[in-house]
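Results of the structural survey
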Amino acid sequence: FLTPIFFVLINSFKGKLFISNNPFALPTAETFVGLTNYVNGIEKTGFFTAFGWSAFITVFSVAAIILFTSMTAYYLTRVKTGVANVLYYMFVFSMIVPFQMVMFTMSKLANMTHLNNPPGMVLLYLGFGSGLSVFMFCGFIKSIPLDIEEAAMIDGCNPLQTFFGVVMPILKPTAITVAILNAMWIWNDYLLPYLVLDLKKYKTIPIVIQYLKGGYGAVDWGTMMAMLVLAIVPIIIFYAACQKYIIEGVVAGAVKG
């Protein structure tokens, strides 16, 4: 896992001709170009603008997924009706539908409804990310004793106060796990933004990196490697800061109760 990242890092400091000739060699006095690849990449791609749009889409999409799917899972778990069961299995079924089956109709619908912008992407990611998130939250909520919620209601809490004041703090491990999984997916996603966004106005980091590939297969490998390093650093920092919650959240979400 670490080896490809290491080779991307060392090649980001080498000239593009030397990368093609010997991609696995460490930089030497002859091949080392310092921060030239990083400066060229930022200038060519408008990296900071793309970084801003990627951050906007990722942060708000993950926040929306955690908020709405946790509330949905709480309802589906605690309300024992036929409609709730049907909705639950619809969320589960959505996980097995390949994206390729819906991408053309989805992109057409997004254009017709003017969702081809960053706020619209948040709504689309909420839809695509809800299946797994609802499944994980439902598994965890089933393990929460009803006595805790009944005690809150006896103290005068309504359902919303019970959820946000009692249930949501207990959901922290699963919520962080859901956040990590969705953040890594949304931050690195290329296909959905490419299909939906108005690329004349909005570009995410994967899209601007792809633009470094020229015609007839020509690629400025040094610049591309530098931009890849800048692209993966934020998500690695986020993952490293939250990774201790992943196993705890996954195991908790697997409990059937």
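The model shown is predicted, which means the values in this text are computed figures rather than measured ones.

Below, the discussion takes up the overall build of the protein. Scanning the protein from terminus to terminus reveals 14 helices and 0 strands. From first element to last, N terminus to C terminus, the protein shows the α and β order α-α-α-α-α-α-α-α-α-α-α-α-α-α. For the protein, the spread of C-alpha atoms along the principal axes amounts to about 75 × 40 × 30 Å. Scored against the burial criterion, the 257 residues of the protein give a buried share of 42%. When the accessible area of the protein is evaluated, it comes to approximately 14,200 Å², of which 71% is carbon and sulfur surface. Separation between the mean location of the 14 positive side-chain charges and that of the 10 negative ones in the protein comes to 10 Å.

Our next topic: the pattern of salt bridges. Taken as a whole and assessed by the stated rule, the structure comprises 1 salt bridge. When the shortest N-O distance is used, the salt bridge between Arg78 and Glu149 registers 2.7 Å. Highlighted residues: Arg78 in helix H4 (residues 47-78) and Glu149 in helix H8 (residues 146-154), separated in sequence by 71 residues. Looking at Glu149, the relative accessible area reads 4%, which means it is buried.

In the structure shown here, the tally under the stated rule is 16 aromatic pairs. Seen in terms of ring centroids, Phe47 and Phe51 are 6.2 Å apart; in terms of plane orientation they differ by 40°. Their pairing is tilted. Residue Phe47 and its partner Phe51 are located together in helix H4, separated by 4 residues, close to a single helical turn. Given a relative accessible area of 29%, Phe51 falls into the partly exposed group. Here the aromatic rings of Phe99 and Phe128 are separated by 5.3 Å at their centres, their planes lie at 65°, and the arrangement is edge-to-face. You can see Phe99 sitting in the loop between helix H5 (82-94) and helix H6 (103-112) and its partner Phe128 sitting in helix H7 (residues 118-141), a full 29 residues away along the chain. Phe128 sits in the partly exposed class, given a relative accessible area of 33%. Site record: aromatic cluster; members linked through ring pairs are Phe47, Phe48, Phe51 and Trp187.

To continue, consider the environment of Lys203. You can see Lys203 is positioned in the loop between helix H11 (191-196) and helix H12 (205-210). A relative accessible area of 25% places Lys203 in the partly exposed class. As for Lys203 and Cys157, which are separated by 46 residues in sequence, their C-alpha atoms are 45 Å apart. Separated by 2.8 Å, the side chain of Lys203 and the backbone oxygen of Leu199 make a polar contact.

Two elements in contact, H7 and helix H10 (residues 172-188), have axes whose closest approach is 10 Å; the angle formed by their N-to-C orientations is 155°. Compared by their axis directions, H7 and H10 come out roughly antiparallel. The two elements H7 and H10 cross, and the hand of that crossing is right-handed. Along its contact with H7, which presents Tyr125, Phe128, Gly129, Leu132, Ser133, Met136, Phe137 and Phe140, the element H10 presents Thr174, Ala175, Thr177, Val178, Leu181, Asn182, Trp185 and Ile186. Grouping the amino acids of the contact of H7 with H10 by side-chain chemistry returns 11 nonpolar, 5 polar and no charged.

Attention shifts here to unusual backbone geometry. Phi at His114 is positive, roughly 60°, even though this residue is not glycine. Here His114 falls in the exposed class, since its relative accessible area comes to 60%.

The periodicity of an α-helix, 3.6 residues per turn, causes residues three or four positions apart to be oriented the same way. The first and last C-alpha atoms of H10 sit 24 Å apart over 17 residues, in line with the 24 Å expected at 1.5 Å per residue. Burial analysis of H10 places 12 of its 17 residues in the buried class, which makes it a mostly covered element. Of all the residues in H10, the buried ones are Pro173, Thr174, Ala175, Ile176, Thr177, Val178, Ala179, Ile180, Asn182, Ala183, Ile186 and Trp187.

A cluster of nonpolar side chains, Phe93, Met95, Ile96, Leu132 and Leu181, forms an exposed patch at the surface whose accessible area comes to about 470 Å². The residue Phe93 is located in helix H5 in this model.

Basis of the calculations
Residues numbered from 1 in each chain as written. Predicted model: local features only at pLDDT ≥ 70, side-chain atom pairs only at ≥ 80, totals over all residues. Heavy atoms only, no water. Helix = DSSP H or I, 4+ residues; strand = E, 2+ residues; numbered from the N terminus. Buried < 20%, exposed > 50% of the residue type's maximum accessible area, 1.4 Å probe, protein only. Areas by Shrake-Rupley, 256 points an atom, 1.4 Å probe, with all protein chains shown as cover. Lys, Arg positive; Asp, Glu negative; His and termini not counted. Charge placed at Lys NZ, Arg CZ, Asp CG, Glu CD. Salt bridge = Lys/Arg side-chain N within 4 Å of Asp/Glu carboxyl O. Phe/Tyr/Trp six-rings, centres within 6.5 Å; stacked < 30°, edge-to-face > 60°. Polar contact = N/O pair within 3.5 Å; in protein donor to acceptor, adjacent residues only side chain to side chain. Axes fitted to C-alpha atoms, helices over the stretch in contact; angles between N-to-C directions. Parallel < 35°, antiparallel > 145°, perpendicular 65-115°, else oblique. Left-handed = near helix turned anticlockwise from the far one by under 90°. Contact = heavy atoms within 4.5 Å. Nonpolar A, V, L, I, M, F, W, Y, C, P; charged D, E, K, R; others polar. Expected span 1.5 Å × (residues − 1). Patch = residues over 30% accessible without salt bridge, like charges linked within 9 Å, V, L, I, M, F, W, Y side chains within 5 Å.

Function-wise, these values are silent; they only describe arrangement.
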